[in-house]
Amino acid sequence: MALTTVPSARSVAATANVRARKIVDYVATTVLWVMATSIIVVLAAFIGYMIYLGWSALTPSFIFGMPKEREAGGGVGPEIYNSFYILILTLIFTIPIAISAGVYLQEYARRGKFREIVQFSAESLATVPSIVMGLFGLLVFVYTFHWRYTALGGALTLTLLNLPALLRVTQEALSSVPDTLREASMALGGTKWQTITRVVLPSAIGRLTTGVVLIAGRIYGETAALIFTAGLSVTVNSPYDLNPFHTAETLAVHLWYTHSESSVADVERIGNGSALVLLIMVLIFNVAARVAGRALTKRFTGRAS
Amino acid sequence: MIQSPPVTAEIPLDTATEKLVATDVDVFYGSFQAIKKASLTMRGQHVTALIGPSGCGKTTFLRALNRMHDLTPGARVEGSILLDGEDIYGPDADPVVIRHRIGMVFQRANPFPKTIYENAVYGPRIHGERDKRVLDEIAERALRQAALWDEVKDRLNRSALDLSGGQQQRLCIARAVALNPEVILMDEPASALDPIATSKIEDLIGQLTEQFTVVIVTHSMQQAARISDFTAFFHIGEIVEVGPTNQIFTHPKEKRTEDYITGRFG
């Protein structure tokens, strides 16, 4: 049976009101796109400029050579090593403390005085400027413990500096794990510890990895906290050893030092080269940490994401 | 409000089948009393349905049965709940053991973000089973009991989160039955599922009573009528009436029960 069509008073075409709203929509989308794109442009320009300046400095003798105090042609081999060494040392201290404290605060502590005090202390610690932290390290590790300038002193100072940030990240990562998962584990007769180690932490591993990557970037770039604790020179006799009590100038510190304090002839070359090497190291670490994080997530959750 | 008669006395019970016996159970959240003097006998290898309007306390009561309130700060349970004659709130009772014997399935499927296999064997693993062959057997048995095996047997190492909602809920049932509990508590297990997935879960519950005692909270009176042997009607924190399901639905003794099941409130 054929149905008849009755013409309606209303139309399906856009009215003036709809057109106006769509223009707002279009403008907003464009503005947001431009803002987002500008971040990429700034970063790309920044990296491009650094590569342009630093590329010629990246010779084997620069990357693997010893630094020089006065004459030109010094390298940054030990500094690259020290940056990496202090990073690892700092992470060895920071990760267990921050994650344990985060687990305690988030999973065990009752909402009360003690929890508030810890939380307040962590937040206060987070606002301490790194130069103040460096002077504190100088006072404690260099003067009081008589360690002189050491990789260990530097790493412990950086631990103090980064602990609050990783603690915060841990708390947020844990609070993002739904309580229904904790309940499921407890309802199967799991203890609190089993629930935390087998369900909560594995579920939070992605966010925790991101947190570690963030603080690692800060550790690579940190100077003020290291100048008075890890020192401004490398160990000349054995620059690549594992002794934590050796002085250990990092790449970022070296960059600052050559530019402001030293009297080498090729300051520009060393500065530009160091900056580029630093950038590449951070990128390599970020990529490696993400690959590792993804592998861990895959292993724990059976899902790549 | 009219004081309900002691309802447990009304069901003729063979003592041998009194699997879980709650007597005068009160549950408090802080100073708020959510459950008042609830008494209910849940018979072995039968389905007991807890029905009632939203906020009537049926979920609160269910969670008292495996001591889930232990996890809620400020929650307190009084009265006695006997599992095979032993008080699960007694001084020697351990929640880990109780929850091993009394499993639970939640309202929303909550599989762990792990593989299907790891979900199925989570319970046995945390209780100390390490033998891979034993775990494999448990996983297959549990997934078969949850009517999920055929759908997932070729992708046990895929993430449980890739399953559909209904499959996830059956996985949660598998995860519970993997421990061979004696009782399975279900908190509206099908409320978030479509009709086909719901009917699969309902069929499954029928099969589970061959081995397990089931206590199920449900919003749906049709569901209670379809799957349960006994029904308890909750209203404002009290058990108003309890009896064989067909009797509750055809000849309720209490006015409030009748009003509820005939749709006059709720």
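As the structure is a prediction and not an experimental result, all values here were calculated from the model.

Procedures and definitions
- Counting from 1, residues in each chain are numbered in the order their sequence is written.
- Lettering of chains starts at A and numbering of ligands starts at 1, both following the order in which they are written.
- Local features are withheld for residues below a pLDDT of 70 in this predicted model, meaning they are given only at 70 or higher, and side-chain atom pairs are given and counted only at 80 or more; totals for whole chains, interfaces and linings count all residues.
- Counting other C-beta atoms within 10 Å of a residue's C-beta gives its exposure: the residue is buried at 20 or more, exposed at 12 or fewer, and partly exposed in between, where C-beta atoms are placed from the backbone.
- Think of it this way: any DSSP run of H or I at least four residues long counts as a helix, any run of E at least two long counts as a strand, and we number them from the N terminus.
- The contact criterion used is a C-beta to C-beta distance within 7 Å, with each C-beta placed from the backbone.
- Two strands pair under a simple rule: DSSP has to find at least two bridges between them.
- Values of pLDDT, the confidence the predictor places in each residue, fall between 0 and 100.

(A) Representation of helix α10 (residues 251-260) of chain A in the model. Residue and element names in this part refer to chain A. Of all 10 residues in α10, 7 are buried, a share of seventy percent or more. Leu251, Ala252, Val253, His254, Leu255, Tyr257 and Thr258 are the residues of α10 that are buried. Residues of α10 that are buried in the fold lie against α3 (77-108), α8 (192-221), α9 (224-227) and α11 (267-301).

(B) Just the pairing of strand β3 (residues 47-51) of chain B, in detail. Residue and element names in this part refer to chain B. Counting buried residues along β3, 5 of its 5 residues qualify, which places the element largely inside the surrounding structure. Across the two faces of β3 the burial is the same, with Val47, Ala49 and Ile51 and Thr48 and Leu50 all buried. As paired elements, β3 and strand β8 (residues 213-217) share 4 bridges and run parallel to each other. From the neighbouring strand, Val47 faces β8, where its bridge partner is Val214. Pairing of β3 with strand β9 (residues 230-235) involves 4 bridges; the strand directions are parallel. Of the residues in β9, the one forming a bridge with Ile51 is Phe233.

(C) Focus on the confidence of the model for chain A. For chain A, the mean per-residue pLDDT works out to 89, and 99% of the residues sit at or above 70. No element of chain A has a lower mean pLDDT than α11(A), at 85, and none a higher one than helix α7 (residues 179-187) of chain A, at 95.

(D) The arrangement of the sheet that holds strand β1 (residues 18-29) of chain B in detail. Residue and element names in this part refer to chain B. The strand order across the open sheet built from 4 strands is β2-β1-β4-β5, with neighbouring strands paired in antiparallel fashion. Here the strands that pair on one side only, and so sit at the sheet edges, are β2 (32-43) and β5 (86-87). As judged from the 8 bridges shared by β1 and β2, these two strands associate in the antiparallel manner. Pairing of Tyr29 across the sheet is with Phe32, part of β2.

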